[in-house]
Amino acid sequence: MEERRQRRAAAQKRIHENLALQEEARAAAESYREKRIQATQGMDERQILADAIRLATSKMFLSEETLKTEYPCLSDQELHKLLAVLAKLGVLQQRSNRAAWLSLLDQQDAQALIESLQKMKPSEANAPAPFPEMDGHQFEQYCADLLTQNGFTQVEVTKASGDFGIDVLAEKDGVTYAIQCKYYTDKVGNHAVQEAFAGKEYYDRMVAAVMTNSTFTAAAVETARETHVLLWDGSMLAKMAENK
């Protein structure tokens, strides 16, 4: 009986120790998150880009989860855009398994790149690759071709009229998509997100998305978060275009 009591007491002690360690780790993670929020929330896009270049240089590999930890103020869309810019600048190269990005620069090259970015206009530092001029219907076909190029199947451009805001239907890995395409010179607003969400319901698709050569307004990003609509901006499309 005494031996059993001791084993039970030892087991309870281990449980309490593990819980204490988990709580300590959670508190440390939350403390680091608050620290990073304070450190990055006042940064503009160019400052975040320079900080991310330094971060990438300090590691052999960089994952999206690491970026989420280091830049908690950024939305998923902004993180994807940051990764696309880092790849465009030759800072990172995506590995074949797509789970992590390989860091390509040493500290000297990274510092030279940061200094060159500081001399550029803010809009030049993270601007997506320019798109050729095209009308709305041509852009819809361009988006359909991009989707096919990136492993989507059953890709279909809807009819010009009566499409209920949906321009392309597609499927990938058993998931069906309803997609609105916007070729804009200005930012895309939340009306496009609302249309995509409504069109998804009409076509009975699992996921709604908006594809654009431009970027999205803050209201569009917020609406997309609430309705779970995917936003693929010009940087994301440029990244998709690189997949041959």
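Refer to the structure printed above.
These notes cover the structure that comes with them. Keep in mind it's a predicted model, so treat the numbers as computed, not measured. (Residues numbered from 1 in each chain as written. Predicted model: local features only at pLDDT ≥ 70, side-chain atom pairs only at ≥ 80, totals over all residues. Heavy atoms only, no water.)

On to the packing of aromatic side chains. Throughout the structure, instances matching the rule amount to six aromatic pairs. Geometrically, the ring pair formed by Phe152 and Tyr177 is edge-to-face, given 5.2 Å between the ring centres and 70° between the ring planes. Taken as a pair, Phe152 in the loop between α7 (136-149) and β4 (153-157) and Tyr177 in strand β6 (residues 175-182) lie far apart in primary sequence, 25 residues in all. Geometrically, the ring pair formed by Phe152 and Trp232 is edge-to-face, given 6.3 Å between the ring centres and 65° between the ring planes. With Phe152 in the loop between α7 and β4 and Trp232 in strand β8 (residues 230-232), this residue pair connects regions lying 80 residues apart in the sequence. For the pair formed by Phe152 and Trp232, the shared burial category is buried. These aromatic residues form a ring-pair network of at least three members: Phe139, Tyr142 and Tyr183. (Phe/Tyr/Trp six-rings, centres within 6.5 Å; stacked < 30°, edge-to-face > 60°. Helix = DSSP H or I, 4+ residues; strand = E, 2+ residues; numbered from the N terminus. Buried < 20%, exposed > 50% of the residue type's maximum accessible area, 1.4 Å probe, protein only.)

Time to look at the environment of Leu89. Here Leu89 is to be found in the loop between α4 (76-88) and β2 (92-94). Measuring from C-alpha to C-alpha, the distance between Leu89 and Trp232 comes to 20 Å, with 143 residues separating the pair along the chain. Apart from residues lying up to four places away in sequence, Leu89 is in contact with Leu49, Leu113 and Leu117. (Contact = heavy atoms within 4.5 Å.)

Attention now goes to the sheet that holds strand β3 (residues 101-103). Strand order in this open sheet of three strands is β1-β3-β2, and the pairing throughout is antiparallel. For this open sheet the edge positions go to β1 (61-62) and β2, each flanked by a neighbour on one side alone. Alignment of β2 against β3, held across three bridges, turns out to be antiparallel. Across the sheet, residue Leu92 finds its bridge partner in β3, namely Ser103. (Pairing = 2+ DSSP bridges.)

This part covers the packing of helix α2 (residues 45-57) against helix α5 (residues 107-118). Interaxial distance between α2 and α5 falls to 9 Å at its minimum, and their mutual angle equals 175°. Compared by their axis directions, α2 and α5 come out roughly antiparallel. Contacts from Arg46, Leu49, Ala50, Ile53, Arg54 and Thr57 of α2 reach α5 at Gln107, Ala110, Leu113, Ile114, Leu117 and Gln118. Tallied by class, residues from the contact of α2 with α5 come to seven nonpolar, three polar and two charged. (Axes fitted to C-alpha atoms, helices over the stretch in contact; angles between N-to-C directions. Parallel < 35°, antiparallel > 145°, perpendicular 65-115°, else oblique. Nonpolar A, V, L, I, M, F, W, Y, C, P; charged D, E, K, R; others polar.)

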